[in-house]
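Observations on the model geometry
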Number of protein chains: 2
Amino acid sequence: MTLTYDPTPEVLAEIDRSQDEARHRLFDFLAIPSISAQPDHAGDCAAAARWLAHEFASVGFATEMRQTPGHPIVVGHYPGPDGVDPASLPHILFYGHYDVQPADPLDLWESPPFEPQLVPGPQGPRIVARGAVDDKGQVACFLWACRAWYNTTGGLPIRVTLLLEGEEEVGSANLEAFIAANKSLLKADVALISDTGMWDRTTPALTTRLRGMVYTQIDLVGPDKDLHSGMYGGAALNPINALTKILGDLHDDQGRVQIPGFYKGVDELPPSLAAQWAGLGFDEPAMLASIGLTDPAGETGRSALERMWARPTADLNGIWGGYIGAGAKTVIASHAHAKLSFRLVGKQDPAAIMAGLKQFLAERTPAGAQIKVQDFGGNPAVEVSTEGPFIAAAEAALSEEYGKAPVLMGCGGSIPVVGTLKAQLGLDTILMGFGLDDDQVHSPNEKFEWSCYLGGARSHARLLAKLAALR
Amino acid sequence: MTLTYDPTPEVLAEIDRSQDEARHRLFDFLAIPSISAQPDHAGDCAAAARWLAHEFASVGFATEMRQTPGHPIVVGHYPGPDGVDPASLPHILFYGHYDVQPADPLDLWESPPFEPQLVPGPQGPRIVARGAVDDKGQVACFLWACRAWYNTTGGLPIRVTLLLEGEEEVGSANLEAFIAANKSLLKADVALISDTGMWDRTTPALTTRLRGMVYTQIDLVGPDKDLHSGMYGGAALNPINALTKILGDLHDDQGRVQIPGFYKGVDELPPSLAAQWAGLGFDEPAMLASIGLTDPAGETGRSALERMWARPTADLNGIWGGYIGAGAKTVIASHAHAKLSFRLVGKQDPAAIMAGLKQFLAERTPAGAQIKVQDFGGNPAVEVSTEGPFIAAAEAALSEEYGKAPVLMGCGGSIPVVGTLKAQLGLDTILMGFGLDDDQVHSPNEKFEWSCYLGGARSHARLLAKLAALR
């Protein structure tokens, strides 16, 4: 096949024609409970990997399942269309993940998390399932685009390498080592990831800033057994009292994190960027209302977008200790625990945050308490360039699909692989995503709008043509 | 039977002779999992009540099971020996409870909590089971003494009323109303309760002060669903952050509780009492070592006994929220909870403590958080007189059994019925108990020393004779 004409309209028509089939395929993918955090779902993770390998193989990729100490990584290669010198073609590395968050609390799901449904919504139908948007639905956008190109033209117009992992939700412990050990397998011109969001339902976006993360668990032990709170109350260290006193000190009254050195590497927002973001018209009251709140939270004196995209955070993700069943039990618990994670911005260094946390805790640990900090891993914040032909191709693809230029936005979340792809493979990343803020990511009733699945597939199809045109 | 001689030596010999039988009877009682806090053990609570009714009936009591909105109350009457004018006999009201604490965490028990064992210990054998000392073993001391009197002399030398409930571990919600509605059924000269401790293994004690209690649960809700901590971190209220910040303020750096009005009604210890307690030679380092600690805790500048017997406390008994499973989940939880209870002293008023707590929380609730406080009930502190013939009878019984005078001690725990018996029935209470500090009350591997069971039964047997002699 030679690109003497632009087959994009036919490819898009094929996408429009194949919606039922695309729904069935995605539902099959979503039905696999590939929960990476839970060891008893390891078999499901492998099954999800195999599903992806098979699907991409059916549209012309050479795929292989690569074992790791954890869940397998799927690597695939499409060498470009026949009769074209591969070296002349742009080469993208598409990264995605097939693992999903745990589904609990199960009782809050309106339909079972691994029995995908297409249900009516306020602005059209949506798919409801764990992983619908994070990340299976968005990987499926790319897959659908590839299948449409394959069915229309016999193949893809550029070179594509696939890097699909199964541990993103648990910190990608094995990914960096795999990438470092397989650089020649994974070389490309630019990376492409679909795991972020649109500005709103009708306005596309490219994400140019991601926060970093550090995730820890704090374990505090006091007495060597649970105690009667009458016998020992007032005389023995109470680990829950101690832990709450320490954690209560994490923020001052202006919402600033009190860990030593925490703000090192955090720069003030450049005025031009602040002005750009202010011009986006972000509706904070609507965002708060969508989660049942009316009052802003976080650092005082900062705009909502600044707090979500450009300021670091400390969030307790879980806490437990003592008697948590029904009724009363007059116990002083032997131990108490908390899961504490941080979002990083700018040049904040994960190792420095961990050291600061340990110092913060050590300065506050009461006599008799033993504190241990478990490090579940971390990665720094990332900024991607807004210049260059690849991001311009993405801007063009999105502008044509949606009739308006994409917003260049930040993201409060973290995608650690972006930093790894740059550091290990020298790749910038196009972050072109199709999620929406109300998709309930990491929550019960996670959903993916049908219009986003369709628009995402069409956008990816357009992008492949735009990239081919760079040749 | 007429008391023209003192049958105490024969009764004691009967106790010594019947140890195997007494072990079997207590084991039968301990094997009933009468956990009042857990509704699926309601049938077991009724079974434990029936066991007591049957056992006391077999030694001459007229017993009945009285239904309540909760677990049944066993009432029994022994009218005194034949041929003696009951009005001439001292009349005690024996109170006990047949319900027990929940057994969790189960994995820390060395033997199953409801399969009682007699196991070797550092200073002799002990019975291990939930309820072994709190309170079944100690009720069994009294029962064993009654059976020995019955087997030796055909009956008891005084009048006895039994009041045995099944909700002590969950706040005795139905007891006060029952007592108030049955005053004539329960009238007596003095009450007797065996649910406290000895000073040490060889030194008996009478407890003369008990702390009061208030037990609450705090529920804090923020967003109306769990949120992704990347998307919303820094912008949305985090209920666990909020709850720990509030609870971290409960104590100042000297260990004083910061609830408004908390110390109203708390008096300084009279110097004479402080001197008395100092003279008891309490071994604080040994107490701390027995629970795996070396450093004291609680209010600075107060002795250990003062902190445990004469100062109020605020203890978090449980805390939970968010993701508490294995690994990492980057969630901002929708809600967070804590169980918080207080021990009261002096004239502290439970209602005032609740009001102070609500004010403390209201002053610290951040915008957007909803806080609810559940009141699981409360009772004020109690002091019993150290003067009078009844307590003198108890002092004499214990002195003769142990060869030394009993210590008049405080207790950090609460026995709310003592206040109710005074207020409703005008009764003082003899608090003559046989527990030891290392009995693991409310913890896994709760035990009751065989020497305490035996000594407790013998002491109760002696007490019955001493009381009869008051006639």
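Everything quoted here is computed from the prediction, not taken from an experiment. Position labels on residues start from 1 in each chain and follow its written sequence. Think of it this way: whatever chain is written first is A, whatever ligand is written first is 1, and the rest follow in order. Reporting in this predicted model follows two pLDDT cut-offs: at least 70 for local features of residues, and 80 or more for side-chain atom pairs to be given and counted; totals over whole chains, interfaces and linings ignore these cut-offs and use all residues. The basis for every side-chain value is the complete set of non-hydrogen atoms in the structure, without hydrogens or water.

**Brief notes about the pairing of strand S8 (residues 205–210) of chain B**
Residues and elements named next belong to chain B. Most of S8 is tucked away: six of the six residues are buried. We call two strands paired when DSSP finds no fewer than two bridges between them. Starting at the N terminus, helices and strands are each numbered in turn, a helix being any DSSP run of H or I of at least four residues and a strand any DSSP run of E of at least two. Across two bridges, the pairing between S8 and strand S15 (residues 382–383) is antiparallel. Across the sheet, residue Leu210 finds its bridge partner in S15, namely Val382. For each residue, the accessible area found with a 1.4 Å probe, counting protein chains only, is set against the maximum for its type, and the residue is called buried under 20%, exposed over 50%, and partly exposed in between.

**Looking at the pattern of salt bridges**
By definition here, a salt bridge exists when the distance from a side-chain nitrogen of Lys or Arg to a carboxyl oxygen of Asp or Glu is within 4 Å. Using the criterion set out here, one finds 60 salt bridges over all chains in the structure. Put simply, Asp438 of chain B and Lys447 of chain B hold a salt bridge, and the shortest N to O gap is 2.7 Å. A relative accessible area of 2% places Lys447 of chain B in the buried class. The closest approach of N and O atoms between Lys447 of chain B and Asp439 of chain B, which form a salt bridge, is 2.8 Å. In this pair, the class of Lys447 of chain B matches that of Asp439 of chain B, namely buried. When salt bridges that share partners are traced, they join Asp16, Glu400, Glu401, Arg458, Arg462 and Lys466 of chain A into one network.

**Focus: helix H2 (residues 19–30) of chain A**
Residue and element names in this part refer to chain A. Here a helix's expected span is defined as the number of its residues, less one, multiplied by 1.5 Å. Between its first and last C-alpha, H2 extends 16 Å over twelve residues, near the 16 Å set by a 1.5 Å rise per residue. Three or more residues of H2 are buried, namely Ala22, Leu26, Phe27, Phe29 and Leu30. End-on, the buried residues of H2 take up no more than an arc of 155 degrees, which puts them together on one face. It only takes one pair of heavy atoms within 4.5 Å for two residues to be counted as in contact. Close packing links the buried residues of H2 with helix H3 (42–57), strand S4 (117–119), strand S5 (126–128), helix H4 (136–153) and helix H14 (450–468). Directions pointing from the helix axis toward each C-beta atom define the arc.

**Points about the packing of aromatic side chains**
All names here are of chain A. Here the aromatic set is Phe, Tyr and Trp, taking the six-membered ring for Trp, and pairing holds for ring centres within 6.5 Å; pairs whose planes are under 30 degrees apart are stacked, those over 60 apart are edge-to-face, and all others are tilted. Under the definition given, this model contains 30 aromatic pairs over all chains. Ring plane angle 5 degrees and centroid distance 4.4 Å describe the contact between Phe29 and Trp51, whose orientation is recorded as stacked. Of this pair, Phe29 sits in helix H2 while Trp51 sits in helix H3, and the two are 22 residues apart along the sequence. Owing to a relative accessible area of 14%, Trp51 belongs among the buried residues under this scheme. Between Phe262 and Phe342, the aromatic rings sit 5.8 Å apart at their centres with planes inclined by 50 degrees, giving tilted as the arrangement. Here the residue Phe262 occupies a position in the loop between helix H7 (239–247) and helix H8 (271–278), and Phe342 occupies one in strand S13 (residues 335–344), the gap between them amounting to 80 residues. Grouping residues by exposure puts Phe262 and Phe342 together as buried. One Lys or Arg, Arg23, reaches over the ring of Phe27 and ends 5.9 Å from the middle of that ring. A ring is scored as having a charge over it whenever the NZ atom of a lysine or the CZ atom of an arginine sits within 6 Å of its centre and within 35 degrees of its normal.

**Brief notes about the nonpolar core**
Generally speaking, nonpolar side chains in soluble globular proteins are found buried as a group. In plain words, nonpolar cores are sets of buried Ala, Val, Leu, Ile, Met, Phe, Trp, Tyr and Cys residues tied together by side-chain atoms within 4.5 Å. In this structure, Phe342 of chain A together with Phe342 of chain B are the most contacted members of the largest nonpolar core, which totals 107 residues. If sequence neighbours within four positions are ignored, Phe342 of chain B has contacts with Gly212, Met213, Val214, Thr216, Ile259, Phe262, Thr313, Ala314, Ile353 and Leu357 of chain B.

**As for the sheet that holds S5 of chain A**
All names here are of chain A. Spatial ordering of the open sheet is given by S4-S5-S18, a layout of three strands whose pairing is antiparallel. Either end of the sheet is taken by a strand with one partner, and the two such strands are S4 and strand S18 (447–449). Averaged over all adjacent pairs, the angle separating strand axes in this sheet is 30 degrees, with direction ignored. Contacts between H14 and the sheet are confined to S4, S5 and S18, with S18 contributing the most and set at about 60 degrees to the helix. In this analysis an axis means a line fitted to C-alpha atoms, helices contributing only their contacting stretch, and an angle means the value between N-to-C directions, from 0 to 180 degrees.

**Points about the side chain of Lys225 of chain A**
Within the secondary structure, Lys225 of chain A is located in the loop between strand S9 (212–221) and strand S10 (227–228). A polar contact is formed between the side chain of Lys225 of chain A and the side chain of Asp224 of chain A, at a distance of 2.9 Å. In this view, Lys225 of chain A contacts Ile332 and Ser334 of chain A together with Ser290, Ile291 and Gln440 of chain B; residues no more than four positions away in its chain are not counted. Contacts described as polar in this section are N or O atom pairs within 3.5 Å, which, within protein, must combine one atom able to donate a hydrogen with one able to accept it, while residues neighboring in sequence count only if both atoms come from side chains.

**Some points on the interface of chain A and chain B**
Between chain A and chain B, the contact holds 80 residues from the first and 81 residues from the second. Two parts placed together each lose some accessible area under a 1.4 Å probe, and adding up what both lose gives the buried area. Considering only the side of chain A, the residues that lose the most area to chain B are Ile291, Ile319 and Lys329 of chain A, jointly responsible for 9% of the buried surface there. Counting the contacts that link chain A with chain B gives 48 residue pairs in polar contact (both at pLDDT 80 or more). A per-element tally of the side of chain A that touches chain B places strand S11 (residues 313–322) of chain A first, with ten residues.

**Some details on the relation of the copies chain A and chain B**
When chain A is fitted to chain B, the best match, at an RMSD of 0.1 Å, comes from turning it 180 degrees and sliding it 0.0 Å along the axis. Look at the turn and shift together and you get a two-fold axis relating the two. A high fraction, 100%, of the interface residues of chain A reappear at the interface in chain B, so the copies pair face to face through one surface. Our superposition of the copies is a least-squares fit, built on the C-alpha atoms of residues whose pLDDT is at least 70 in both.

**Some words on the packing of helix H2 (residues 19–30) of chain B against helix H3 (residues 42–57) of chain B**
All names here are of chain B. H3 packs onto H2 with a crossing angle of 155 degrees between their chain directions and a minimal axis gap of 9 Å. Between H2 and H3, the crossing angle belongs to the class labelled roughly antiparallel. Counting all contacts with H2, which are made through Arg25, Asp28 and Phe29, the residues of H3 involved are Ala48, Trp51, Leu52 and Glu55. Under the scheme applied here, ten amino acids are nonpolar (Ala, Val, Leu, Ile, Met, Phe, Trp, Tyr, Cys and Pro), four are charged (Asp, Glu, Lys and Arg), and all others, including Gly, are polar. Residue composition of the contact of H2 with H3, grouped by class: four nonpolar, no polar and three charged. Between 65 and 115 degrees an angle is taken as roughly perpendicular, under 35 as roughly parallel, over 145 as roughly antiparallel, and anywhere else as oblique.

**Description of the pairing of strand S6 (residues 159–165) of chain A**
Residues and elements named next belong to chain A. Across the seven residues that make up S6, a large majority, seven, are buried. Residue alternation in S6 divides its side chains into two sets, Arg159, Thr161, Leu163 and Glu165 and Val160, Leu162 and Leu164, and both sets are buried. The pairing of strand S3 (residues 91–97) with S6 spans seven bridges and is classified as parallel. Bridge pairing in S6 places His91 opposite Arg159.

**A few points about the packing of H2 of chain A against H4 of chain A**
All names here are of chain A. Running from N to C, H2 and H4 point in directions that differ by 140 degrees, and their axes come no closer than 10 Å. One element, H2, and the other, H4, form an angle in the oblique class. Viewed along their axes, H2 and H4 form a crossing whose handedness is right-handed. Of the residues in H4, those in contact with Gln19, Glu21, Ala22, Arg25, Leu26, Phe29 and Leu30 of H2 are Lys136, Gly137, Ala140, Trp144 and Arg147. A class-by-class count of the residues in the contact of H2 with H4 yields six nonpolar, two polar and four charged. The handedness criterion is simple: a crossing whose near helix is rotated anticlockwise from the far helix by less than a right angle is left-handed, and one whose near helix is rotated clockwise is right-handed.

**Re the domain arrangement of chain A**
Residue and element names in this part refer to chain A. Where each domain starts and ends comes from a domain assignment, either automatic or drawn from a database. The domains assigned to chain A are domain 1 (8–210 + 382–468) and domain 2 (212–270 + 286–379). Computed from C-alpha coordinates alone, the two centres of domain 1 and domain 2 are separated by 33 Å. Tallying the contact residues gives ten residues for domain 1 and nine residues for domain 2. Summed over both partners, the interface of domain 1 with domain 2 buries about 810 Å², with 53% contributed by carbon and sulfur atoms. Of all residues in domain 1, Arg209, Gly412 and Ser414 bury the most surface against domain 2, accounting for 46% of the area lost on that side. Taken together, the links from domain 1 to domain 2 amount to zero salt bridges. Here domain 1 is connected to domain 2 by three residue pairs in polar contact (both at pLDDT 80 or more). If you list the elements that add at least two residues to the side of domain 1 that touches domain 2, you get strand S8 (205–210) and strand S16 (407–411). Sort the elements by how many residues they give to the side of domain 1 that touches domain 2 and S16 lands first, with three residues. Here the side of domain 1 that touches domain 2 is composed, by residue class, of five nonpolar, four polar and one charged.

**Digging into the environment of Leu175 of chain B**
Residues and elements named next belong to chain B. Along the polypeptide, Leu175 turns up in helix H5 (residues 175–181). Judged by its relative accessible area of 3%, Leu175 falls in the buried class. The spacing of Leu175 and Leu164 is eleven residues in sequence and 9.9 Å in space, taken between C-alpha atoms. Residue contacts for Leu175: discarding those within four places in its chain leaves Ile73, Tyr95, Leu163, Glu165 and Val417.

**Some remarks on the sheet that holds strand S5 (residues 126–128) of chain B**
Residue and element names in this part refer to chain B. Spatially, the three strands line up as an open sheet ordered S4-S5-S18, and their pairing is antiparallel. Only two strands of the sheet have a single partner each, and these edge strands are strand S4 (117–119) and strand S18 (447–449). If you compare each strand with its neighbour and ignore which way they point, the axes differ by 30 degrees on average. Direction of pairing for S4 relative to S5: antiparallel, over a ladder of three bridges. For Gln117, the partnering residue across the bridge sits in S5 and is Val128. Against the sheet, helix H14 (residues 450–468) engages S4, S5 and S18, with an angle of about 60 degrees to S18.

**Focus: the environment of Ala22 of chain A**
Tracing the sequence through the fold places Ala22 of chain A in helix H2. A sequence separation of 312 residues divides Ala22 of chain A from Ser334 of chain A, and the C-alpha atoms of the two residues are 53 Å apart.

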